[in-house]
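# Structure at a glance
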Amino acid sequence: IEKRDQCRNQYLKVESTVKDVEWKVEKNDAKIDKLAGLIELRTQQKLATIASISEVEEQMRTLTAERTAENSAFKKAKEEDQQAIDLLMQAREALGAYSKKNGVDMGDIQGADKAVLFQQPEFGVSEDQAPDAVFSGKDHRKGESKGIVSILTMIIEDLNDEIKNGM
């Protein structure tokens, strides 16, 4: 009877150990499956992230190329504006030199342009009487010259403002 009880106890002990090990194996298999799923998920996320990084790098290359092209266009336009300013200043100085050389007083350049542009002709005798056949003097077109110089000055100022404000 003792031997039988001993065998039974050993049998129960072995059976308990086997069931415990089977339970642990089952739980570990479930854990392995869960971790394998996580590994697969993280691998997919890693591949998606790598693809996203390559897209961003391509966008950065594209944007850098666009910015470089726009910057060179800006610099070219700025240089052209500066050349235009220089040319307009030369034209303005040439008109001013002509006026000074011939003694034509144009008056203020930007203050009174509108009054000069809307000025009516002056009649010596009557509006209906024909004028004498006298040729005009060198200062006959001083109003137009003044208007041109004023326009050139305004264009120069606009171009300078454009350059200062970065277009």
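Right above here is the structure, for reference.
The paragraphs below set out a description of the structure included in this document. Small disclaimer: the values here were computed from a predicted structure and weren't measured. (Residues numbered from 1 in each chain as written. Predicted model: local features only at pLDDT ≥ 70, side-chain atom pairs only at ≥ 80, totals over all residues. Heavy atoms only, no water.)

## A look at the overall build of the chain
Definition in use: Runs of E in the DSSP output that reach at least two residues are strands. Runs of H or I that reach at least four are helices, and both are numbered from the N terminus. For each residue, the accessible area found with a 1.4 Å probe, counting protein chains only, is set against the maximum for its type, and the residue is called buried under 20%, exposed over 50%, and partly exposed in between. Contact between two residues is taken to exist if any of their heavy atoms lie within 4.5 Å; hydrogens are not considered. To measure how exposed things are, a 1.4 Å probe is used in the Shrake-Rupley method; for residues, cover is taken only from the protein chains shown.
When helices and strands are tallied, the chain shows 3 helices and 0 strands. Along its sequence from the N terminus, the chain presents helices and strands in the succession α-α-α. Counting over 167 residues, the chain shows a buried share of 10%. Long-range pairs, those at least 24 residues apart, make up 98% of the contacts in the chain with a sequence separation of at least 6. Approximately 14400 Å² of the chain is accessible, and the part contributed by carbon and sulfur atoms is 56%.

## A few points about the nonpolar core
The criterion, for reference: For this analysis, a nonpolar core means a set of buried residues of the types Ala, Val, Leu, Ile, Met, Phe, Trp, Tyr and Cys, connected via side-chain atoms within 4.5 Å.
Ile85, Leu88, Leu152, Ile156, Leu159 and Ile163 together form the largest nonpolar core, which totals 6 residues. Sorting the residues of this core by element identifies helix 1 (2-101) and helix 3 (142-164) as the ones contributing at least two each. A per-element tally of this core places helix 3 first, with 4 residues. If we skip the residues at most four places from it in the chain, Ile163 touches Lys78, Asp81, Gln82 and Ile85.

## Points about helix 1
Short version of the rule: To estimate how far a helix should reach, multiply one less than its number of residues by 1.5 Å.
With 100 residues, helix 1 extends 143 Å from end C-alpha to end C-alpha; this agrees with the ideal 148 Å at 1.5 Å per step. Taken as a whole, helix 1 has its buried residues at Asp81, Ile85, Leu88 and Ser99.

## A closer look at the pattern of salt bridges
To keep things clear, this is the line we draw: Salt bridges, as used here, are contacts in which a Lys or Arg side-chain nitrogen is within 4 Å of a carboxyl oxygen on Asp or Glu.
Enumeration according to the criterion identifies 3 salt bridges in this entry. For the salt bridge of Lys19 with Glu15, the shortest nitrogen-to-oxygen distance reads 3.7 Å. Taken together, the residues span about one helical turn, with Lys19 and Glu15 both in helix 1 at a distance of 4 residues. Here Lys24 and Asp20 are joined by a salt bridge, their closest N and O atoms 3.5 Å apart. Of this pair, Lys24 and Asp20 both sit in helix 1, 4 residues apart, which is roughly one turn of that helix. Among the residues examined, Lys24 registers a relative accessible area of 43% and is labelled partly exposed. Accessibility expressed as a relative area gives 36% for Asp20, which makes it partly exposed.

## Topic: the side chain of Thr153
The condition is simple: Pairs of N or O atoms are called polar contacts if they sit within 3.5 Å, as long as, within protein, a hydrogen donor faces a hydrogen acceptor (for residues adjacent in sequence, only side-chain-to-side-chain pairs).
Mapped onto the elements of the fold, Thr153 is located in helix 3. A polar atom in the side chain of Thr153 sits 3.2 Å from the side chain of Arg92.

It is worth stressing that arrangement in space is one thing and function is another; only the former is reported here.
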